[in-house]
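Understanding the architecture of this molecule
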Amino acid sequence: MKAFRRKLLFSLLILPFLSLAQERIVDKAIEVSGMEKMKNAEASFTFRKHTYSYKRQNGQFTYTRIGKNRDSSLVRDIYTNKGFTRYIDDTVASITEERKNAYTNSVNSVMYFAFLPLWLKDPAVVLENKGTTFIKGIEYHKIRVTFKKEGGGVDFEDVFLYWFDVEDYSMDYLAYKYFTGKGGMRFREAYNQRTVNGVTIQDYRNLQPKIKDGVPFGQIEKAFENGKLEELSIIELKNVKIKAIPKS
């Protein structure tokens, strides 16, 4: 019983320090990446066949995606705090609620990954410090992220892992486990890290397990090092432009 009480007391004492540590790790990663600037900024970039624009100011945001249909008509998707609207050749398109949700998630997902780790301080985020681990001989802080149901979006059950270099706090790897559709896992390795107007932008190699469900998500970085993942796609942002805007 005494041993149990000592273990319980130790847990109660150490948990606040771990919580503080994970907050500091994320705060430092946001600081060194310059992502704090994106709270009040305009940005644009090309991803695959679409052009994206981003504007965020005083908590209000406008995300825009522009592309073309097969018939060459211009498609403009606009997602704001007020909701989502699709325009085809400047005319509001009538779409089902299902399609609206799909387009909203698609646009939001691109913006989410483009400007990480900024979003890791959102109120719905739950951080968990998983200690340190090594990838390719470099030591990283490993942070697990889950989401509260309230404010966590339609995919609040997704689980993320982030690896931050213990020396420079760069976010060199991330992974996520999702449950929509057939579900699955992804692991991303950052490359082509560059600075655009003081903000770190990076591209990713997007990998998945060679055998579905053949990798424990909590140790997916070990599967990466052991060659158990295969490249699925490249996440490459081109023509990135960023401009800070003042708070109104």
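Keep in mind that what you see is a predicted model, and the values were worked out from it rather than measured. (Residues numbered from 1 in each chain as written. Predicted model: local features only at pLDDT ≥ 70, side-chain atom pairs only at ≥ 80, totals over all residues. Heavy atoms only, no water.)

This next bit is on the layout of surface pockets. Its boundaries defined by the atoms lining it, the second largest pocket holds a volume of some 190 Å³. Around the second largest pocket sit 14 residues that line it, and G183, G184, M185, K212 and D213 are the ones nearest its centre. Listing elements by their share of the lining of the second largest pocket, those giving two or more residues are strand 10 (171-178), strand 11 (184-196) and strand 12 (199-209). Top element by residues in the lining of the second largest pocket is strand 11. It accounts for three residues. When its residues are assigned to classes, the lining of the second largest pocket shows four nonpolar, three polar and seven charged. (1 Å grid on protein atoms, 1.4 Å probe; cavity = no way out; pocket = protein on both sides within 12 Å on 5 of 7 lines; lining within 4 Å. Points joined across faces, edges and corners; volume = space filled by probe spheres on them. Helix = DSSP H or I, 4+ residues; strand = E, 2+ residues; numbered from the N terminus. Nonpolar A, V, L, I, M, F, W, Y, C, P; charged D, E, K, R; others polar.)

A separate point is the packing of aromatic side chains. Applying the stated criterion across every chain yields a total of 23 aromatic pairs. Where Y112 meets F160, the ring centres are 6.0 Å apart and the plane angle is 55°; that geometry is what we call tilted. With Y112 in helix 2 (residues 97-114) and F160 in strand 9 (residues 159-165), this pair connects stretches of sequence that are 48 residues apart. An identical accessibility class is assigned to Y112 and F160; each is buried. Taken together, the ring pairs in this structure connect F45, F47, Y52, Y54, F61, Y63, Y79 and F115 into an aromatic cluster. Lying over the aromatic face of Y103, R86 brings its terminal NZ or CZ to 3.8 Å of the ring centre. Over the face of the ring belonging to F113 we find R188, whose NZ or CZ atom lies 4.1 Å from the ring centre. (Phe/Tyr/Trp six-rings, centres within 6.5 Å; stacked < 30°, edge-to-face > 60°. Buried < 20%, exposed > 50% of the residue type's maximum accessible area, 1.4 Å probe, protein only. Lys NZ or Arg CZ within 6 Å of the ring centre and 35° of its normal.)

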